[in-house]
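Descriptive structure summary
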Amino acid sequence: MAKAKAQGKMIANNKKAYHDYFILDTYEAGIALAGTEVKSLRMGKCSIKESFIRIERDEVFIYGMHISPYEKGNIFNKDPLRIRKLLLHDYEIRKLEAQIKEKGYIELCTEPYFAPYEYVDPNKSGEDQYQGMDIEVAKYIADKLGVELKITALDFTAVLSGIADGKYDFAISAIAYSPSRAESLRLSDVYYSTNTGYGFIVRTEDVGKYTDLDSLKDAVVITQSGSVQEALYNEYVNGDCKEFKLVANMTDGYLAVAEGKADVCICSTASAQLYADANGGLSIPDYRFDVDPNMNGTCVAMPQEGTESLAEVVNECIAELKDAGSIETWYGEYQTAAAELGIE
């Protein structure tokens, strides 16, 4: 939506939309408002700079529209950013749905630095450079939907925030289940899991030194920003160490330990063991964090709103791939392929 009008007077205008997008068509829609919101609109207290619409269950809703609370509204004021229903004829809604399907692609965001889940093959270019088990899962989902797959590479924190904000259709990036993520994202069924859990990776000479949480008091601890591992640090360590550092990806954490810039990296022990086996000099102590078993599994992440149908398709794909044994096969194939490229 680019403009909102009332009685011939413009109340809000999203000029940025005309700069960032080609406007192919326009629609005139009503909007369901509370009385206090109408009064605020008449005073011009509205912004649609961050607004977008979604079609959900054959109805249209506007997100990100800010209507300031009416100064005399008291308890009758509504959340300024609440989701509001737009009023369109059925044929207009069907036309909008058709236009969305016409785009012909689904956009995946991922952090491609976590082999064998996803990684960059330096011998390939374009979107073909993105390889790994997760990329195969994404391709399968796109094929199931009958659309092309568009891949956007981001750092892990941007992957999570991009999905939470609805900027991308879905994310597959070795995303582990956690209760907090399930509150802000729509998570699929688990498609791959390990029973090795979460623990530490340390220099081999220190494997007997860092054996439990108490032993971290004199350690420099590191892990990936925005990860389940950071949440484990906050819950179990929470400052009870010499120093705590965050890095953009887990490989940087492993390197920091290997180079003596940190002593302990909180990690998924399955992926850490792969790195240790490939590079040497690092080991995994026996300690494991006590976590919900679901946290040992990885999921597809989608925006919370308006993705019920997509989630059904994703879970159907996951069931088919698990029944066929495809995911385990891809994991092994890409583990070997990444190792041959010298990628961990």
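Just so it is clear, the structure is predicted and the values come from calculations on it, not from any experiment. Residue numbers restart at each chain and count upward from 1, following the sequence in its written direction. Only residues with pLDDT of 70 or above have their local features reported here, since the model is predicted, and side-chain atom pairs are shown and tallied only from 80 upward, although totals for entire chains, interfaces and linings are computed over all residues. Excluding hydrogens and water, the side-chain figures rest on all heavy atoms present in the structure.

Some points on the overall build of the protein
From N to C terminus, the protein includes 11 helices and 21 strands. Accessible area is worked out with a 1.4 Å probe on protein chains only. A residue is then buried under 20% of its type maximum, exposed over 50%, and partly exposed in between. Each of the 344 residues in the protein was classed as buried or not, and the buried ones make up 46%. Note on contacts: a residue pair is in contact if any heavy atoms of the two residues lie within 4.5 Å. Of all intrachain contacts in the protein linking residues separated by at least 6 positions in sequence, the fraction that spans at least 24 positions is 70%. For the protein, the exposed area adds up to about 17900 Å²; of that, 47% sits on carbon and sulfur atoms. Of the side-chain charges in the protein, 35 are positive and 55 negative, and the distance between the mean point of each set is 13 Å. Secondary structure elements are defined from DSSP: runs of H or I of at least 4 residues count as helices, runs of E of at least 2 residues count as strands, and each element is numbered from the N terminus. Exposure was quantified through the Shrake-Rupley algorithm and a 1.4 Å probe, taking into account, for residues, occlusion by the shown protein chains and nothing else. Positive charges come from Lys and Arg, negative ones from Asp and Glu, while His and the chain ends are left out of the count. In plain terms, the charge of a residue is placed at NZ if it is Lys, CZ if Arg, CG if Asp and CD if Glu.

Thoughts on the side chain of Asn 14
Summarising the element assignment, Asn 14 is placed in the loop between strand 2 (9-13) and helix 1 (15-20). Residue Asn 14 is classed as buried on the basis of its relative accessible area of 5%. In protein, a polar contact requires one atom able to donate a hydrogen and another able to accept it; more generally it is a pair of N or O atoms within 3.5 Å, and residues adjacent in sequence count only if both atoms are side-chain atoms. At a separation of 3.3 Å, a polar atom in the side chain of Asn 14 contacts the main-chain carbonyl oxygen of Ile 48.

Some thoughts on the pattern of salt bridges
A side chain with one charge may pair with a side chain of the opposite charge, provided their charged atoms come close. Here, a salt bridge means any side-chain nitrogen of Lys or Arg that lies within 4 Å of a carboxyl oxygen of Asp or Glu. Overall, the coordinates contain 10 salt bridges when judged by the stated rule. Two residues, Asp 206 and Arg 203, come together in a salt bridge whose shortest N-O distance is 3.3 Å. Look at Arg 203 and you get buried, because its relative accessible area is 14%. Look at the salt bridges and you will find they share partners, linking Arg 203, Glu 205, Asp 206 and Asp 263 into a network.

A word on the sheet that holds strand 3 (residues 30-31)
Strands sit in the order 3-8-6-5 across an open sheet of 4 strands; the sheet is antiparallel. The open sheet has two edge strands with one neighbour each: strand 3 and strand 5 (52-56). For two strands to be treated as a pair, DSSP must find at least two bridges joining them. The sheet contact formed by strand 6 (residues 59-63) and strand 8 (residues 84-87) spans 3 bridges and is antiparallel. By the bridge assignment, Val 60 is partnered in strand 8 with Leu 86.

Observations concerning the confidence of the model for the protein
With 92% of its residues at a pLDDT of at least 70, the protein reaches an overall mean of 87. Low pLDDT, under 50, characterises residues 1-7; the stretch is placed with 20 contacts to residues that sit more than four places away or in other chains. Summary of the metric used: pLDDT quantifies the predictor's per-residue confidence within the range 0 to 100.

Regarding the pairing of strand 16 (residues 198-203)
It is a general feature of regular strands that their side chains alternate between the two faces of the sheet. Burial within strand 16 is extensive, with 6 of its 6 residues counted as buried. As paired elements, strand 16 and strand 19 (residues 264-268) share 5 bridges and run antiparallel to each other. By the bridge assignment for strand 19, Tyr 198 is matched with Ser 268.

Digging into the sheet that holds strand 20 (residues 282-283)
Either a parallel or an antiparallel arrangement is found when strands of a sheet pair, and the pairing is made through backbone hydrogen bonds. Spatial ordering of the open sheet is given by 18-17-19-16-20, a layout of 5 strands whose pairing is mixed. The sheet is open, and its two edges are formed by strand 18 (243-247) and strand 20, each paired on a single side. Here 2 bridges tie strand 17 (residues 220-224) to strand 19, and the two strands are oriented parallel to one another. Looking at the pairing, Ile 222 lines up with Cys 265 of strand 19.

Quick look at the side chain of Glu 107
Secondary-structure assignment places Glu 107 in strand 9 (residues 105-110). Buried within the structure, Glu 107 lacks any salt-bridge partner; Lys 150 is the closest side chain of opposite charge, at an N-O distance of 4.3 Å. Looking at Glu 107, its side chain comes within polar contact range of the side chain of Thr 152, at 2.6 Å. Glu 107 has contacts with Lys 150, Thr 152, Lys 167, Tyr 168, Asp 169 and Phe 170, leaving out every residue within four places of it along the chain.

Overview of the environment of Gln 229
Position of Gln 229 relative to the elements: it lies in helix 7 (residues 228-237). Residue Gln 229 is classed as buried on the basis of its relative accessible area, which comes to 7%. C-alpha of Gln 229 to C-alpha of Ile 266: the two residues are 37 residues apart in sequence and 5.9 Å apart in space. Not counting the four nearest positions on each side in its chain, Gln 229 is found in contact with Tyr 198, Thr 223, Met 250, Ile 266, Cys 267 and Ser 268.

Some words on helix 4 (residues 133-145)
Between its first and last C-alpha, helix 4 extends 19 Å over 13 residues, near the 18 Å set by a 1.5 Å rise per residue. All of the buried residues along helix 4 are Met 133, Asp 134, Ile 135, Glu 136, Val 137, Ala 138, Ile 141 and Ala 142. One fewer than the residue count of a helix, multiplied by 1.5 Å, yields its expected span.

Overview of helix 8 (residues 250-258)
Turning to helix 8, its buried residues are Met 250, Thr 251, Gly 253, Tyr 254, Ala 256 and Val 257. Among the residues of helix 8, the N-terminal cap falls to Asn 249, whose side-chain oxygen and the backbone nitrogen of Thr 251 are separated by 3.3 Å. Taken from the residues just after helix 8, Gly 260 is the one with a positive phi, measuring 80°.

Things to note about the packing of helix 4 against helix 11 (residues 326-340)
Between N-to-C directions, angles cover 0 to 180 degrees, with each direction set by a line fitted to C-alpha atoms, over the stretch in contact for helices. Where helix 4 contacts helix 11, the two axes come as close as 8 Å, and the packing angle between them is 140°. One element, helix 4, and the other, helix 11, form an angle in the oblique class. Each of Met 133, Glu 136 and Val 137 in helix 4 lies in contact with helix 11, whose residues at this interface are Ile 327, Trp 330, Tyr 331 and Tyr 334. Of the residues belonging to the contact of helix 4 with helix 11, the class tally is 6 nonpolar, no polar and 1 charged. Roughly parallel means an angle under 35 degrees; roughly antiparallel means over 145; roughly perpendicular covers 65 to 115; every other angle is labelled oblique. Only Asp, Glu, Lys and Arg are considered charged in this grouping, and only Ala, Val, Leu, Ile, Met, Phe, Trp, Tyr, Cys and Pro are considered nonpolar; every other residue, Gly among them, is considered polar.

Comments concerning the packing of helix 10 (residues 308-324) against helix 11
Look at helix 10 against helix 11: their axes get within 5 Å of each other, and the N-to-C directions meet at 70°. Classed by the angle they form, the pair helix 10 and helix 11 counts as roughly perpendicular. Together, Leu 321, Lys 322 and Ala 324 of helix 10 and Ser 326, Ile 327 and Trp 330 of helix 11 make up the contact between the two elements. Broken down by class, the residue content of the contact of helix 10 with helix 11 amounts to 4 nonpolar, 1 polar and 1 charged.

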